[in-house]
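Residue-level listing of the chains:
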Amino acid sequence: MAAAGARWNHVWVGTETGILKGSTVRQPRSGRHPALLCPQILMGCADKTVRYFSTEEGRFQGHKHCPGGEGTFRGLAQVDGTLITCVDSGIVRVWRNNDKEASSDPLLELSVGPGVCRMRQDPARPHVVATGGKENALKVWDLQGSEEPVFRAKNVRNDWLDLRVPIWDQDIQFLPESQKLVTCTGYHQVRVYDPASPQRRPVLEATYGEYPLTAMTLTPGGNSVIVGNTHGQLAEIDLRQGRLLGCLKGLAGSVRGLQCHPSKPLLASCGLDRVLRVHRIRNPRGLEHKVYLKSQLNCLLLSGRDDWEDQPQEPQEPKKAALQDTETDELWASLEAAAKRKLPDLEQTQGALQTRRRKKQRPGSTST
Amino acid sequence: MAKAGDKSGTKGKKGLKRKATAEEPQEAAVAEDGATESGVQPPKTAAFPPGFSISEIKNKQRRHLMFTRWKQQQRKEKLAIKKKLKKEREALGDKAPPKPIPKTIDNQRVHDETIVDPNDEEVAYDEATDEFASYFNRQTSPKILITTSDRPHGRTVRLCEQLSTVIPNSHVYYRRGLALKKIIPQCISRDFTDLIVINEDRKTPNGLILSHLPSGPTAHFKMSSVRLRKEIKRRGKDPTEHVPEIILNNFTTRLGHSVGRMFASLFPHNPQFIGRQVATFHNQRDYIFFRFHRYIFKSEKKVGIQELGPRFTLKLRSLQKGTFDSKYGEYEWVHKVCALFFEEPFISFQKYRMRRKLCTLSFECLYLMFLTSTSLKEPISDKVFGSDD
């Protein structure tokens, strides 16, 4: 991706081989003023370093070596100028974020328990993190508080054969506007916990499929979650009733990363089948875009752009980005008309516009 | 009578009209009461209600008759059109436009974006760091364990034995109720690099699980068209102990690359050309055909081949990351039946029109053409996938 075009990327994807890729989703609509973008991306690598990537400049700015504990990073968070890391063996550390290569001692160190699969920061209260993993029950920690967890979940009752139900929390999300948490497990369960209620057991439990659920994300409404499993099946589960709302087709490999757009009904998903897909969640449910990225994708991040309809800035046509008001509607309309009239050998962008439009008109192309 | 029922609303097909017009005077005489004048003719287009089709006739014999008549008419029309076209072409002579190429599935294929470009550095980096890198760097040599599903029957056992003669450095073990997940750590401790499990159903082998051992991917195939040695006609003598060469055809997409590398890593790196034996994995529309031949070059252009060894067809069902763990493992690719009509085959892509001709030939002819297209000077192993030698 060109350095100048980096800030316009919609989705950032990290691969298994350590490459960070940015991808834009092109739509030929009118240009509008872009919202504030996230200026920096933190990338945790398997060699225990956290790299800082600047979206403005389009390159890595520095890295921080975070030793201690065994295993890969399972969670990264930033609060108040400090960096929180969590590794597989359960060591959560808070580092001073001085952006330099010199590794300092951690400010705070917690041991969460072995086999951590995910550590997630509460977006509403940045000093609160939740951890969970294989045979490691969900725990909510307040980093400013004591060394003991604020909330420690209890396992569900023994099943109908009176056997202990195993625990494998694969992904955790904090529900907005409440203290509730949602987890998805490797035993294909989706559970909702409520620390405010007296019961430590899950308030709601729903199951989906027969394969481990690997990734989860909240939908914009806040009432449902979308989960993905190791077979590439994506499902939307309602959290009020615990039932399945619908499925999304297309992925052929294990789902590694899922994220919903905060306001639009769009879902970006990436997995081991090396393809980044963007689905539309409602009216109608289906595939919007599909990008083949050549390596196995591990995690993704949507950039903080509210508008997905901007014409991305092309390095060879910078003047298009300057058009920011609604008069561009007519401009784009005239350009589209011109494109249709021209012969097939068009400029590169207009050729792309044509092909995208042609692709959309094909029937049955909603999901792949 | 068949003819009597003719008028009951059959559509006015041209063929029918000929008979109808002959019969109408008689029918009219019968149907119309008191109409004795032969001059009164009902209209030529008989009273068939619109939208009536032959399939609505209840009488089977009559229906069949109508249909055959219609079909004959269609064939006549088609022949007439062909003749006309031919005449026109002859009339034009040299100026005639070139003949249009018939559409085949292979012709109509949409370009698959996952096809690997040979110069792609990202894919090269990926392959240099994946689980097969140690094989392709010549650090490990393969050692295969071949086994079956529980309590196999005769055909499967014989297939395993024949496979072990084809794949050098392989060992067959009788499977007796031991879980694969328990077998795998034992194999790893005994330095096996690959595990092949042939699954059997109703006394025939129907599945193949290929697991690369230290931590490697597991591929699950559906196996069909299994032919043991004695079922192969005009076969040569049993294969010798020489290490065969390998040919991997059409593993062009990224998924195809992974699967192709899995197959390549089953065989030792140094083929012995003295043995003149070659194992071929030919992929066509996602079906992988395995053949084992012995070749001999009679001259620069002519090659004779003898098929030895077992023959079977594989189709990939899933590729799982990590060793065999069907319940909790992560899948890199799963064959989904519902998605089939959206995407074309995943493993291969054939864009050249000429290939459609090769597809219609038998496998042997294809093979011969392939072999003769290479000169004697370059060793066959250059055609081995990836040219690792």
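Cut-offs and rules
Residues numbered from 1 in each chain as written. Chains lettered and ligands numbered in written order. Predicted model: local features only at pLDDT ≥ 70, side-chain atom pairs only at ≥ 80, totals over all residues. Heavy atoms only, no water. Helix = DSSP H or I, 4+ residues; strand = E, 2+ residues; numbered from the N terminus. Contact = heavy atoms within 4.5 Å. Pairing = 2+ DSSP bridges. Axes fitted to C-alpha atoms, helices over the stretch in contact; angles between N-to-C directions. Expected span 1.5 Å × (residues − 1). Buried < 20%, exposed > 50% of the residue type's maximum accessible area, 1.4 Å probe, protein only. Buried area = accessible area lost by both parts, 1.4 Å probe. Salt bridge = Lys/Arg side-chain N within 4 Å of Asp/Glu carboxyl O. Polar contact = N/O pair within 3.5 Å; in protein donor to acceptor, adjacent residues only side chain to side chain. Nonpolar A, V, L, I, M, F, W, Y, C, P; charged D, E, K, R; others polar. Patch = residues over 30% accessible without salt bridge, like charges linked within 9 Å, V, L, I, M, F, W, Y side chains within 5 Å. Areas by Shrake-Rupley, 256 points an atom, 1.4 Å probe, with all protein chains shown as cover. Lys, Arg positive; Asp, Glu negative; His and termini not counted. Charge placed at Lys NZ, Arg CZ, Asp CG, Glu CD. Core = buried A, V, L, I, M, F, W, Y, C linked by side-chain atoms within 4.5 Å. Arc of directions from axis to C-beta. pLDDT = per-residue confidence, 0-100. Phe/Tyr/Trp six-rings, centres within 6.5 Å; stacked < 30°, edge-to-face > 60°.

A. Region of the structure containing the overall build of chain B. From N to C terminus, chain B includes 9 helices and 10 strands. Contacts spanning at least 24 positions in sequence make up 67% of the contacts within chain B whose residues lie at least 6 apart.

B. Summary view of the sheet that holds strand β26 (residues 297–302) of chain A. All names here are of chain A. A sheet is described by the order of its strands in space; here 3 strands give the open sequence β2-β1-β26, paired in antiparallel fashion. Edge positions in the sheet fall to β2 (20–23) and β26, since each has one partner strand and no second. Along the sheet, successive strands turn relative to each other by an average axial angle of 25°, direction set aside.

C. Summary view of helix α5 (residues 154–166) of chain B. Taking 1.5 Å per residue as the helical rise, α5(B) with its 13 residues ought to reach 18 Å, and the 18 Å between its terminal C-alpha atoms agrees with that figure. Along α5(B), the residues that are buried comprise B:Thr156, B:Leu159, B:Cys160, B:Gln162, B:Leu163 and B:Val166.

D. Fine view of the interface of chain A and chain B. The interface is formed by 32 residues belonging to chain A together with 24 residues belonging to chain B. Taking both sides of the interface into account, the surface hidden between chain A and chain B amounts to around 2300 Å²; carbon and sulfur atoms contribute 49%. Where chain A meets chain B, there are 6 salt bridges. Salt-bridge contacts for B:Asp126 lead to A:Arg274; the nearest nitrogen and oxygen are separated by 3.6 Å. Counting every contact that joins chain A to chain B gives 15 residue pairs in polar contact (both at pLDDT 80 or more). Residue composition of the side of chain A that touches chain B, by class: 9 nonpolar, 14 polar and 9 charged.

E. Highlighting a positive patch on the surface. A surface patch of positive charge is lined by B:Lys71, B:Arg75, B:Lys78 and B:Lys82. Along the chain, the position of B:Lys82 falls in helix α2 (residues 60–92).

F. Looking closely at the nonpolar core. Ranked by internal contacts, the top residues of the largest apolar core, which has 41 residues, are B:Ile196, B:Phe221, B:Phe263 and B:Phe281. Among all residues touching B:Phe281, those that are not within four sequence positions of it are B:Ile246, B:Ile247, B:Leu248, B:Asn249, B:Phe251, B:Phe263, B:Phe267, B:Ile288, B:Phe289 and B:Phe290. If you look at the next biggest cluster of nonpolar residues, it comprises 16 residues, including A:Leu175, A:Cys184, A:Ala206 and A:Leu218.

G. Up close: a nonpolar patch on the surface. Residue and element names in this part refer to chain A. A cluster of nonpolar side chains, Trp160, Leu161 and Leu163, forms an exposed patch at the surface whose accessible area comes to about 420 Å². Looking at the secondary structure, you find tryptophan 160 in the loop between β13 (151–152) and β14 (169–174). Assessed through its relative accessible area of 77%, tryptophan 160 is described here as exposed.

H. Representation of helix α6 (residues 180–189) of chain B within the structure. Residues and elements named next belong to chain B. For α6, the full list of buried residues reads Leu180, Ile183, Ile184 and Cys187. The arc enclosing the buried residues of α6, seen along the axis, measures out at 105°, which places them on a common side. Of the exposed residues in α6, the ones pointing more than 90 degrees away from its buried face are Lys182 and Ser189. Where the residues of α6 are buried, they touch β1 (144–148) and β3 (194–201). Aspartate 191 sits one or two positions beyond α6 and adopts a positive phi of about 70°.

I. Representation of the side chain of A:Lys21 in the model. As for its position among the elements, A:Lys21 is in strand β2. Among the residues examined, A:Lys21 registers a relative accessible area of 14% and is labelled buried. At 2.7 Å, the side chain of A:Lys21 and the side chain of B:Glu122 are in polar contact. Once residues within four sequence positions are removed from consideration, A:Lys21 is found in contact with A:Val11, A:Trp12, A:Val13, A:Thr15, A:Leu293, A:Lys294 and B:Glu122.

J. Focus on the confidence of the model for chain B. All names here are of chain B. Confidence along chain B averages 80 in pLDDT terms, with 74% of residues attaining 70 or more. Averaged over each element, pLDDT in chain B is lowest for helix α8 (residues 355–360) (36) and highest for β1 (96). Within the model, pLDDT remains below 50 along residues 1–15, and this stretch shows 31 contacts once partners closer than five positions in the same chain are excluded. Below a pLDDT of 50 lies the segment residues 373–389, which in the model reaches 28 contacts outside its immediate sequence neighbourhood of four places, other chains included. Predicted complex, confidence summary: ipTM 0.74, pTM 0.72.

K. How the structure looks around the packing of aromatic side chains. Residues and elements named next belong to chain B. Within this structure, the stated rule accounts for 15 aromatic pairs over all chains. A ring pair is formed by tyrosine 135 and phenylalanine 136, whose centres lie 4.9 Å apart and whose planes are at 85°; its orientation type is edge-to-face. When its relative accessible area of 6% is taken as the criterion, tyrosine 135 is described as buried. Pairing phenylalanine 221 with phenylalanine 263 gives two aromatic rings, centres 5.5 Å apart and planes at 25°, and the pair type is stacked. In this pair, phenylalanine 221 is assigned in strand β5 (residues 218–227) and phenylalanine 263 in helix α7 (residues 254–264), connecting sequence segments 42 residues apart. Taking relative accessible area as the criterion, phenylalanine 221 reaches 1% and is therefore assigned buried. We classify phenylalanine 263 as buried; its relative accessible area is 2%.

L. Layout of the environment of A:Thr17. Structurally, A:Thr17 can be placed in the loop between β1 (11–15) and β2. The exposure class assigned to A:Thr17 is buried, which follows from its relative accessible area of 18%. For the pair A:Thr17 and A:Val150, spaced 133 residues apart in sequence, the C-alpha to C-alpha distance is 37 Å. Ignoring anything within four residues of it in the chain, the contact list for A:Thr17 reads A:Ser295, B:Tyr125, B:Asp126 and B:Thr129. A distance of 3.2 Å separates a polar atom in the side chain of A:Thr17 from a polar atom in the side chain of A:Thr15.

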